[in-house]
Amino acid sequence: PVTKDAGSDLEAVCRAAGGAMRKLQVRSMATKVEDLKRTLIYDEHLKMGGSLVDFADYAMPVQYKDSPYAQSIIESTAQVRQKAGLFDVSHMCSLRWRGKDAIAFVESCTVLDIEGLPMGKGSLSLITNEEGGIIDDTMITKTSDDKGEHIYQVINAGCAPKDLAHFKAKLADFKGDVSMEVQWDDRGLFALQGPKAAAVLQKHVKEDLTKMGFGDAANMVVAGMPCFVARCGYTGEDGFEIFVPGKDAVKLWQLLCAESDVKPSGLGARDALRLEAGLCLYGHDIDGTTTPSEAGLTWTVSKARRESGARKFPGSEKILAQIANPKTEVKIARVGLVPKGAPAREGALIKTKEGETVGRITSGASSPTLKHNISQGYVNKPHNKAGTELFVEVRGKSNPAIVTKMPFVPTNYYKPA
């Protein structure tokens, strides 16, 4: 059930589907299924025709084939844009930080003003290193349960081992009352995404979802199952991420997939959607050498964390200097590009018409929604201005590419009236 050569097969699948995705954090090596981790709904993926690949050491579906749920990556992308898709994101790691000094600790690792975050509200943030680079991008929410108020955090699957080691090392030096609770393979985490997501979920909860804005989160009973529901996602569409106890994971997945407006969706559509939304893929568009300002993620650094006397975070001196003086301190910038010719993918060089190399592509594909090539990458300033004509080297050819503002496809995040 798992491809023998995960990387090459994944690329072939995506090329056949119109080039929606070419490269993810997938190991290109022979992989045996027994060597991979499985989410709690692994058997459901098999029943639904999931084409499984090795993604961050998990057997995960890139798309679904040869079943009533079968869709190409192009079709699955359209499904999320027009109706709703259900993604298994249980490979991502959930953390709960508890204790009277939990806020102080998590703020010492990230750029978010958690102190000022309202209860039941979440935000994308960054875990930074001492050089101002990005260890991981992460979702942080202030919430509560029967054990009391705490911080709920989600980190990327591929980064989780290093993130957890980083947190443990920081905890060893931290003088305060805080504990880290890891919830990973013992629970389900599903992303219901698309314009029909709210209507689908509303059938199974008593809360009025029209009052729940993007970034809000709450404990809910979903069709009799206790869940933690956040209105968020990484597709550019409205949607929800649902944390469900392990014993109910299969039941909830089956329930949502039975809805007429919902189809299971895989890694192929997820990557196409996040690229169309201009969002970063860790290890490709951002990494430990990339600063928030260079990545266009300055907005994640809360205003309260920029003030004199605010709690320090790793790399704050460099990060805050770049925010204060972007013209002199920030030399490169992440940009969107619309290239002609063959899709410009990760690693392709970006050049001026004179042939000077001024940047590199970090993500690229043929957009299923727009029906033309899109890419993002880093260029030297001042070549980052929208409308600038540059060139990308693809297969020995120099193809024109126009610098474009992102997102490529407008986002549809929900805000209550």
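Scroll up a little and you will see the structure.
All chains use their own residue numbering, which begins from 1 and follows the written sequence. Since the coordinates come from a predicted model, pLDDT governs what is reported: local features require at least 70, and pairs of side-chain atoms require 80 or more to be given and counted, while whole-chain, interface and lining totals use all residues. Side-chain figures throughout are based on the complete set of non-hydrogen atoms in the structure, without hydrogens or water.

1. Side note on the overall build of the protein chain
Only DSSP runs of H or I reaching four residues or more are called helices, and only runs of E reaching two or more are called strands; each is numbered from the N terminus. What the protein chain contains, in helices and strands, is 11 helices and 19 strands. Against the 2.2 N^0.38 benchmark of 22 Å for 417 residues, the protein chain shows a C-alpha radius of gyration of 21 Å, consistent with a compact globule. Along the first, second and third principal axes, the C-alpha set of the protein chain runs to 65 × 60 × 45 Å. Considering only intrachain contacts with a sequence separation of at least 6, the fraction spanning at least 24 residues in the protein chain is 66%. When the accessible surface of the protein chain is totalled, it reaches about 17400 Å², and 52% of it is carbon and sulfur. Across the protein chain, the centroid of the 54 positively charged side chains sits 4 Å from that of the 51 negatively charged ones. Within these notes, the globule rule equals 2.2 Å times the number of residues to the 0.38 power, and the radius of gyration is based on C-alpha atoms. Any two residues having at least one pair of non-hydrogen atoms within 4.5 Å are treated as being in contact. Note on areas: Shrake-Rupley, 1.4 Å probe, and residue coverage restricted to the protein chains presented here. Just so you know, the count uses Lys and Arg for positive and Asp and Glu for negative, and it drops His and the chain ends. Where a charge sits is defined by one atom per residue type, namely NZ (Lys), CZ (Arg), CG (Asp) or CD (Glu).

2. Some points on the sheet that holds strand E13 (residues 262-265)
Taken in spatial order, the 6 strands make up an open sheet running E10-E11-E12-E9-E3-E13, and their pairing is mixed. Two strands lie at the open edges of the sheet, namely strand E10 (217-222) and E13, each paired on one side alone. Geometrically, the sheet is characterised by an average inter-axis angle of 30° between neighbouring strands, direction not taken into account. In this analysis, axes come from line fits to C-alpha atoms, helices being fitted only over the stretch in contact, and the angle between any two N-to-C directions falls in the range 0 to 180 degrees. Sheet strands touched by helix H3 (residues 73-82): strand E3 (84-88), strand E9 (187-193) and E13. Its angle to E13, the strand with the most contacts, is close to 130°. DSSP-based pairing: two strands are paired if at least 2 bridges between them are found.

3. Comments concerning the pairing of strand E2 (residues 58-64)
When accessible area is computed with a 1.4 Å probe and restricted to protein chains, residues below 20% of their type maximum are described as buried, those above 50% as exposed, and intermediate ones as partly exposed. Most of E2 is tucked away, with 7 of its 7 residues classed as buried. Bridging between strand E1 (residues 50-55) and E2 involves 6 bridges; their strand directions are antiparallel. Paired with Gly-50 across the strands is Tyr-64, a residue of E2. In textbook terms, the turn of a hairpin is the stretch between consecutive antiparallel strands, and for E1 and E2 this stretch comprises 2 residues, one of which, Ala-56, has a positive phi near 55°.

4. Details of the sheet that holds strand E6 (residues 134-145)
The antiparallel open sheet is built from 5 strands, whose spatial order is E5-E6-E7-E4-E8. The sheet is open, and its two borders are formed by strand E5 (121-128) and strand E8 (179-183), each paired with just one other strand. Neighbouring strand axes in the sheet, compared pairwise and without regard to direction, differ in orientation by 30° on average. Here 8 bridges tie E6 to strand E7 (residues 148-155), and the two strands are oriented antiparallel to one another. Pairing of Met-139 across the sheet is with Val-154, part of E7.

5. Focus on the pattern of salt bridges
Two side chains with opposite charge may pair up if their charged atoms get near one another. By definition, a salt bridge exists where a carboxyl oxygen of Asp or Glu is found within 4 Å of a side-chain nitrogen of Lys or Arg. What the rule picks out here adds up to 14 salt bridges. Between Glu-237 and Arg-81 there is a salt bridge, with the nearest N and O atoms lying 2.9 Å from each other. Of this pair, Glu-237 sits in the loop between strand E11 (225-230) and strand E12 (239-245) while Arg-81 sits in helix H3, and the two are 156 residues apart along the sequence. In this structure Arg-81 comes out as buried when scored by relative accessible area, which is 13%. Between Lys-203 and Glu-259 there is a salt bridge; the shortest N-O distance is 2.9 Å. Remark: Glu-259 occurs in the loop between helix H7 (249-257) and E13 and Lys-203 occurs in the loop between helix H6 (197-202) and E10; sequence separation between them is 56 residues. A relative accessible area of 57% means that Lys-203 is categorised as exposed. What you see here is one network of salt bridges that share partners, running through Arg-81, Glu-237 and Glu-276.

6. What about H7?
The periodicity of an α-helix, 3.6 residues per turn, causes residues three or four positions apart to be oriented the same way. Among the residues making up H7, those that are buried are Ala-249, Leu-252, Trp-253, Leu-256 and Cys-257. The arc that holds the buried residues of H7, viewed along the axis, is 125°, so those residues lie on one side. Throughout, the arc means the angular range of directions from the helix axis out to the C-beta atoms.

7. Regarding the environment of Leu-126
By the secondary structure assignment, Leu-126 is in strand E5. In this structure Leu-126 comes out as buried when scored by relative accessible area, which is 0%. When the C-alpha atoms of Leu-126 and Leu-171 are compared, they prove to be 18 Å apart, with 45 residues separating the residues in sequence. Other than its neighbours up to four places away in sequence, Leu-126 contacts Cys-109, Thr-110, Val-111, Ile-134, Asp-136, Asp-137, Thr-138, Pro-292, Leu-297 and Thr-300.

8. A short note on the nonpolar core
Core analysis: the largest hydrophobic core is formed by 29 residues, its most contacted members being Leu-95, Trp-97, Phe-105, Val-106, Ile-151, Ile-155 and Phe-167. Looking at this core, the elements with two or more residues in it are E1, E2, strand E4 (93-98), helix H4 (102-107), E6, E7 and helix H5 (160-173). What Ile-155 contacts, discounting residues up to four positions off in sequence, is Met-92, Cys-93, Leu-95, Ile-127, Asp-136, Thr-138, Ala-160, Asp-163 and Leu-164. Listed in part, the 28 residues of the second largest apolar core include Ala-84, Cys-227, Val-244 and Cys-257. The definition of a nonpolar core used throughout is a set of buried Ala, Val, Leu, Ile, Met, Phe, Trp, Tyr and Cys residues joined through side-chain atoms within 4.5 Å.

9. Regarding the side chain of Arg-231
With respect to the element layout, Arg-231 can be found in the loop between E11 and E12. Classification of Arg-231 as buried rests on a relative accessible area of 2%. In protein, a polar contact means a hydrogen-donor-capable atom and an acceptor-capable atom, both N or O and within 3.5 Å, with residues adjacent in sequence counting only if both atoms are side-chain atoms; elsewhere, any N or O pair within 3.5 Å suffices. At 2.7 Å, the side chain of Arg-231 forms a polar contact with the backbone oxygen of Met-212. When residues no more than four places from it in sequence are discounted, the contact partners of Arg-231 are Ala-198, Leu-209, Met-212, Gly-213, Phe-214, Gly-215, Asp-216, Asp-238, Gly-239, Phe-240 and Tyr-414.

10. Notes on the packing of aromatic side chains
Pairs were defined over the aromatic rings of Phe, Tyr and Trp, the Trp ring being its six-membered one, requiring ring centres within 6.5 Å. Orientation was assigned from the angle between planes: stacked under 30 degrees, edge-to-face over 60, tilted for the rest. What the rule picks out here adds up to 8 aromatic pairs. Between Tyr-58 and Trp-184, the ring centres sit 6.4 Å apart and the planes meet at 40°, which makes this aromatic pair tilted. One end of the pair, Tyr-58, is in strand E2; the other, Trp-184, is in the loop between E8 and E9, and 126 residues separate them in sequence. When its relative accessible area of 1% is taken as the criterion, Tyr-58 is described as buried. Aromatic rings pair up to connect Trp-97, Phe-105, Phe-167 and Phe-174 into one cluster. The residue whose ring lies beneath Arg-96 is Phe-228, and the NZ or CZ to ring-centre distance is 5.5 Å. Charge over a ring is defined by NZ of Lys or CZ of Arg lying within 6 Å of the ring centre and within 35 degrees of the ring normal. A cation sits over an aromatic face here: Arg-96 above Phe-243, 4.9 Å from the ring centre.

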